[in-house]
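The primary structure of each chain is shown beneath.
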Amino acid sequence: MSQHQAPGVLKMAALAAACLALAGCEASTFLPWPDEGRGGLAERRPSTDARIDNLSDQLVVLISRNARYYAAADTADAERLLIQIRRQSEGGFPEDTEIDIARFKQKLAMIERQLPRRAAQSGSR
């Protein structure tokens, strides 16, 4: 390759790289993005930790008992914390996961205390 051909090849390579970058940016505008806090593999697949799935099931039970009505803010916090726990677990941050699991359990207890008692709902009239 002569010295005169080298600058031309470099210009073509730079032009090709720029075209690919712009094409990638353009394609990203057409791809669906998940709602805030709802995306990523950690939120879309079962956890590799059975404890996290168990805690998730406990939250689902509380939500079925109208936790979003009686403890709306704490329920929203718990949902965000569960996503964070899943991300930390899948990302390989065991210490952070354990700390947030403890916080999540406390949050579940707070929600439970705010819900009406089942006996009171089905009790005397």
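Residues numbered from 1 in each chain as written. Predicted model: local features only at pLDDT ≥ 70, side-chain atom pairs only at ≥ 80, totals over all residues. Heavy atoms only, no water.

### Looking at the overall build of the chain
Then, in step 1: Secondary structure assignment for the chain yields seven helices and zero strands.
Then, in step 2: Walking the chain from its N terminus toward its C terminus, one meets helices and strands in the order α-α-α-α-α-α-α.
Then, in step 3: When contacts within the chain are restricted to residue pairs at least 6 apart in sequence, those whose partners lie at least 24 apart make up 69%.
Then, in step 4: Accessible surface, the chain as shown: approximately 9,200 Å² in total, 59% of it carbon and sulfur. (Helix = DSSP H or I, 4+ residues; strand = E, 2+ residues; numbered from the N terminus. Contact = heavy atoms within 4.5 Å. Areas by Shrake-Rupley, 256 points an atom, 1.4 Å probe, with all protein chains shown as cover.)

### Remarks on the packing of aromatic side chains
Then, in step 1: Counted by the stated rule, this structure contains one aromatic pair.
Then, in step 2: Seen in terms of ring centroids, Y69 and Y70 are 4.9 Å apart; in terms of plane orientation they differ by 90°. Their pairing is edge-to-face.
Then, in step 3: Residue classification places Y69 among the exposed residues on the basis of a relative accessible area of 66%. (Phe/Tyr/Trp six-rings, centres within 6.5 Å; stacked < 30°, edge-to-face > 60°. Buried < 20%, exposed > 50% of the residue type's maximum accessible area, 1.4 Å probe, protein only.)

### What to know about the pattern of salt bridges
Any two side chains of opposite charge can pair, on the condition that their charged atoms come close.
Then, in step 1: For the structure shown, the criterion picks out nine salt bridges.
Then, in step 2: Ionic pairing is found between K107 and D74, a salt bridge with its closest N-O pair at 3.2 Å. Here K107, found in helix α6 (residues 94-114), pairs with D74, found in helix α5 (residues 72-91); they are 33 residues apart in sequence, far enough to count as distant.
Then, in step 3: Overall, the relative accessible area of 15% leaves K107 in the buried class.
Then, in step 4: What makes D74 buried here is its relative accessible area of 14%.
Then, in step 5: A salt bridge links R103 to D100, with the shortest nitrogen-to-oxygen separation between them at 2.7 Å. Here D100 and R103 lie together in helix α6, a separation of three residues that amounts to about one turn.
Then, in step 6: Exposure remark for D100: the relative accessible area of 5% places this residue in the buried category. (Salt bridge = Lys/Arg side-chain N within 4 Å of Asp/Glu carboxyl O.)

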